[in-house]
Amino acid sequence: MVPFCRACVGAFSIVIAIASAALQATERVDPPDETLAQRGYRLLTTRAYLEPDFDQQTFDELWKTWEEPARTAAEQADRATRRRMAFERYGLDQAVDRPSPAAIQYVPLADASGDEQRLGWAMNCLACHGGKVAGRFVAGAPNSLYALQTLTEEVRATKIRLGKELTHMDRGAMLVPLGGSIGTTNAVVFGKLLLAYRDPELNRVSNRLPPTLLHHDMDAPAWWNTKKKQRLYIDGFAPKSPRALMQFLLIPENGPKEFAGW
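Report follows, based on the coordinates. What you see is a predicted model; the values in this text were computed from it and never measured.

Here is what the cut-offs are and how they apply
Residues numbered from 1 in each chain as written. Predicted model: local features only at pLDDT ≥ 70, side-chain atom pairs only at ≥ 80, totals over all residues. Heavy atoms only, no water. 1 Å grid on protein atoms, 1.4 Å probe; cavity = no way out; pocket = protein on both sides within 12 Å on 5 of 7 lines; lining within 4 Å. Points joined across faces, edges and corners; volume = space filled by probe spheres on them. Helix = DSSP H or I, 4+ residues; strand = E, 2+ residues; numbered from the N terminus. Nonpolar A, V, L, I, M, F, W, Y, C, P; charged D, E, K, R; others polar. Core = buried A, V, L, I, M, F, W, Y, C linked by side-chain atoms within 4.5 Å. Buried < 20%, exposed > 50% of the residue type's maximum accessible area, 1.4 Å probe, protein only. Contact = heavy atoms within 4.5 Å. Polar contact = N/O pair within 3.5 Å; in protein donor to acceptor, adjacent residues only side chain to side chain.

## Digging into the layout of surface pockets
Reported here for the second largest pocket is a volume of approximately 400 Å³. Taken together, 19 residues make up the lining of the second largest pocket; nearest its centre are Pro 52, Phe 54, Lys 159, Glu 165 and Thr 167. Secondary structure elements with two or more residues in the lining of the second largest pocket: strand 1 (54–55) and helix 8 (168–172). Class assignment for the residues of the lining of the second largest pocket results in 5 nonpolar, 4 polar and 10 charged.

## Looking at the nonpolar core
Counting residues in hydrophobic clusters, the biggest one holds 47 residues, and the most contacted among them are Phe 59, Trp 66, Leu 92 and Trp 121. Among the elements of the structure, helix 2 (36–46), helix 4 (70–76), helix 5 (79–90), strand 3 (120–123), helix 7 (148–162), helix 9 (187–195) and helix 10 (242–246) are those that each provide at least two residues to this core. For this core, the element with the most residues is helix 5, which contributes 4 residues. Excluding its chain neighbours within four sequence positions, the residues that come into contact with Leu 92 are Phe 59, Phe 87, Ala 103, Gln 105, Tyr 106, Trp 121, Lys 132 and Tyr 146. By size, the runner-up hydrophobic cluster in this structure holds 5 residues, among which are Tyr 41, Ala 95, Ile 104 and Ala 139.

## Examining empty space enclosed by the protein
On inspection of all chains with the given rule, the structure shows 2 cavities of 30 Å³ or more. Taken as a whole, the largest cavity spans an internal volume of roughly 50 Å³. If you trace the largest cavity, you find it lined by Asp 53, Phe 54, Tyr 106, Met 123, Leu 148, Leu 151, Thr 152, Val 155, Met 169 and Asp 170. Looking at the lining of the largest cavity, the elements that each hand over two or more residues are helix 7 and helix 8. Looking at the lining of the largest cavity element by element, the count peaks at 4 residues for helix 7. Per-class residue counts for the lining of the largest cavity are 7 nonpolar, 1 polar and 2 charged.

## A look at the side chain of Asp 60
Along the chain, the position of Asp 60 falls in helix 3 (residues 56–60). A distance of 3.0 Å separates a polar atom in the side chain of Asp 60 from a polar atom in the side chain of Arg 79. For Asp 60, the residues in contact, after removing those within four places along its chain, are Arg 79, Arg 82 and Gln 117.

## Quick look at the environment of Ala 48
Along the polypeptide, Ala 48 turns up in the loop between helix 2 and strand 1. On the accessibility criterion, Ala 48 (29% relative accessible area) is partly exposed. In this structure Ala 48 touches Val 107, Leu 109 and Ala 122, once residues within four positions along its chain are discounted.

The structure is reproduced here in structure tokens:
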């Protein structure tokens, strides 16, 4: 999950390594004269490593789940204003380097039919690790405005109303809290739960009881000083290595072959 600006090359070395390793087994042609930071940013904002959480139609209909007076204000607004209201509500930011309705925190996945309403939004790491500093979006800054729990609950309610299939986020949030306050997430517990259903070779193992979970929300740390640290997370929970971040990609759809070479 997440990206970088030129001034933060060292801070993003771990994520760049993850993105590069994930593509070792696939054919690719990198643009000439592309820096490591630029390559990492490109891969993590254009290539989905997770399944889409929702489509464009679902996002456009989220306002119908809002409380008053926000719902009435959205109903009376034009589409552009309504979209801005949704971005503000969930802590999302406009992607200035691509002509896509998807926020920079998500990778847009086009539907084969070309129908924009079926455009998929697949989360990337900027969801938690891309936020505003002095009103300007900065990759690697903690997203102190991200409302993951609210977004997921309202996406699920909208999908049920529209008769759409629920995804791993929709189902998982019924059992595990995603975050109890704006800007924090239950990130470490996500990883513990995902790893509990894998064997040492990362094959899925389903015949296990769920592990003991001690839920605790944490702020995402800034990334630009990561190169100076030996451990990850705001509380120094994990040794610094790409493998410590693999856990967030361990959704059922990803198997051992997706992690070959890591």
